[in-house]
Amino acid sequence: MEIKQYIFLLILLTFFLIIGPRMGRIGKQVKAAHDKGTSVDNATRVLIRRVVIIFDIMHVGVLINIILAVTKQF
């Protein structure tokens, strides 16, 4: 496999194994806060920040994939 496929596979695994479960947890916490009529707590905000950082790292991987596809070096 080429390096592009490895990067893409890593992005997919990260999404399904790390981000998916965390987004589900965040969704439950936000819904519970909404049902109570309160705002989300700090733990939920921390989870959201961590997911955003992981998304940013994944976007770098996508950009690397695009650059490698355009330059066709690998």
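Criteria and cut-off values
Residues numbered from 1 in each chain as written. Predicted model: local features only at pLDDT ≥ 70, side-chain atom pairs only at ≥ 80, totals over all residues. Heavy atoms only, no water. Helix = DSSP H or I, 4+ residues; strand = E, 2+ residues; numbered from the N terminus. Buried < 20%, exposed > 50% of the residue type's maximum accessible area, 1.4 Å probe, protein only. Contact = heavy atoms within 4.5 Å. Areas by Shrake-Rupley, 256 points an atom, 1.4 Å probe, with all protein chains shown as cover. Lys, Arg positive; Asp, Glu negative; His and termini not counted. Charge placed at Lys NZ, Arg CZ, Asp CG, Glu CD. Core = buried A, V, L, I, M, F, W, Y, C linked by side-chain atoms within 4.5 Å. Expected span 1.5 Å × (residues − 1). Salt bridge = Lys/Arg side-chain N within 4 Å of Asp/Glu carboxyl O.

This brings us to the overall build of the chain. Across its full length, the chain holds two helices and zero strands. Evaluated residue by residue, the chain yields a buried proportion of 19% over its 74 residues. Across the chain, contacts joining residues at least 24 apart in sequence account for 71% of those joining residues at least 6 apart. By element, 70% of the accessible surface of the chain is carried by carbon and sulfur atoms, the whole surface being about 5700 Å². Here the chain contributes 10 positive and 4 negative side-chain charges, whose respective centroids are spaced 3 Å apart.

So, about the side chain of Asn65. Note that Asn65 resides in helix H2 (residues 42-71). Excluding anything up to four places from it in sequence, Asn65 contacts Lys4, Ile7 and Phe8.

What follows covers the nonpolar core. Soluble, globular proteins show a tendency: their nonpolar side chains are buried together. Judged by nonpolar contacts, Ile7, Ile11, Ile19, Ile26, Leu47, Val51, Ile54, Met58 and Leu68 together constitute the single largest core of nine residues. Elements with a minimum of two residues in this core: helix H1 (3-36) and H2. In terms of residues, this core owes the most to one element, H2, which gives five residues. Aside from chain neighbours lying at most four places away, what touches Val51 is Ile19, Arg22, Met23 and Ile26.

We now examine H2. Along an α-helix, residues three or four apart share an orientation, since each turn contains 3.6 residues. Helix length check: H2 (30 residues) gives 44 Å between terminal C-alpha atoms against 44 Å at 1.5 Å per residue, within 8%. Those residues of H2 that fall on the buried side of the exposure criterion are Thr44, Leu47, Val51, Ile54, Met58, Gly61, Asn65 and Leu68. Buried residues in H2 make contact with H1.

By the definition in use, this model includes two salt bridges. Among the salt bridges present, the one from Lys4 reaches Glu2, with a minimum N-O distance of 3.9 Å. Salt-bridge contacts for Asp35 lead to Lys31; the nearest nitrogen and oxygen are separated by 3.3 Å. Here Asp35 pairs with Lys31, and both are found in helix H1, just four residues apart, close to one helical turn. Across this residue pair, the class does not change: Asp35 and Lys31 are exposed.

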